[in-house]
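An overview of the molecular structure
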Amino acid sequence: MEVIPLFVGENILQTKTIYFRARHGKSSFIARQDTAELSAGILTTPGHEQNKQ
């Protein structure tokens, strides 16, 4: 999510254009903070080291 301003640009309200390759305008973003919290939760849970298939 932190890189969205790079794709939007400074004049988004005037241009109404976002420069990002996404088919049919779909994309997903996640913040670094959310990824860090999720990873920490997984790594501190007993049994995470087991390969589950």
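Please read these numbers as outputs of a predicted model, since none were measured by experiment.

Of regular secondary structure, the protein possesses three helices and zero strands. Across the protein, helices and strands are ordered from the amino to the carboxyl terminus as α-α-α. Of all 53 residues assigned to the protein, the portion counted as buried reaches 6%. When the accessible surface of the protein is split by element, carbon and sulfur atoms take 57% of a total near 5200 Å².

Bringing a nonpolar patch on the surface into the picture now. A contiguous nonpolar surface patch, about 640 Å² in accessible area, is contributed by Met-1, Val-3, Ile-4, Leu-6, Ile-18, Phe-20 and Phe-29. Examined against the element boundaries, Ile-18 turns out to sit in the loop between helix 2 (12-15) and helix 3 (32-43). The exposure class assigned to Ile-18 is exposed, which follows from its relative accessible area of 53%.

Moving on to the environment of Phe-7. Tracing the backbone shows Phe-7 in helix 1 (residues 4-8). Phe-7 gets classed as partly exposed once you look at its relative accessible area, which sits at 23%.

Mean pLDDT over the protein: 80, with 89% of residues reaching 70 or higher. No element of the protein has a lower mean pLDDT than helix 1, at 76, and none a higher one than helix 3, at 91.

Rules and cut-offs
- What you see as residue numbers is a count from 1 along each chain, following the sequence as written.
- Owing to the predicted nature of the model, reporting of local features is limited to residues with pLDDT of at least 70; listing and counting of side-chain atom pairs is limited to 80 or more, with chain, interface and lining totals taken over all residues.
- As a rule here, side-chain values come from all non-hydrogen atoms in the structure, and water together with hydrogens is ignored.
- Numbering of helices and strands runs from the N terminus; a helix is a DSSP stretch of H or I covering at least four residues, while a strand is a stretch of E covering at least two.
- Relative accessibility thresholds used throughout: buried, under 20% of the residue-type maximum; exposed, over 50%; partly exposed, between the two (1.4 Å probe, protein chains only).
- For every accessible area listed, the method is Shrake-Rupley and the probe measures 1.4 Å; residues are considered covered only by the protein chains on display.
- Residues forming no salt bridge and having over 30% relative accessible area are the ones grouped into patches, like charges within 9 Å of each other and nonpolar side chains (Val, Leu, Ile, Met, Phe, Trp, Tyr) within 5 Å.
- Salt bridges are defined by distance alone: a side-chain nitrogen of Lys or Arg within 4 Å of a carboxyl oxygen of Asp or Glu.
- What pLDDT conveys is the predictor's confidence in a given residue, as a value from 0 to 100.

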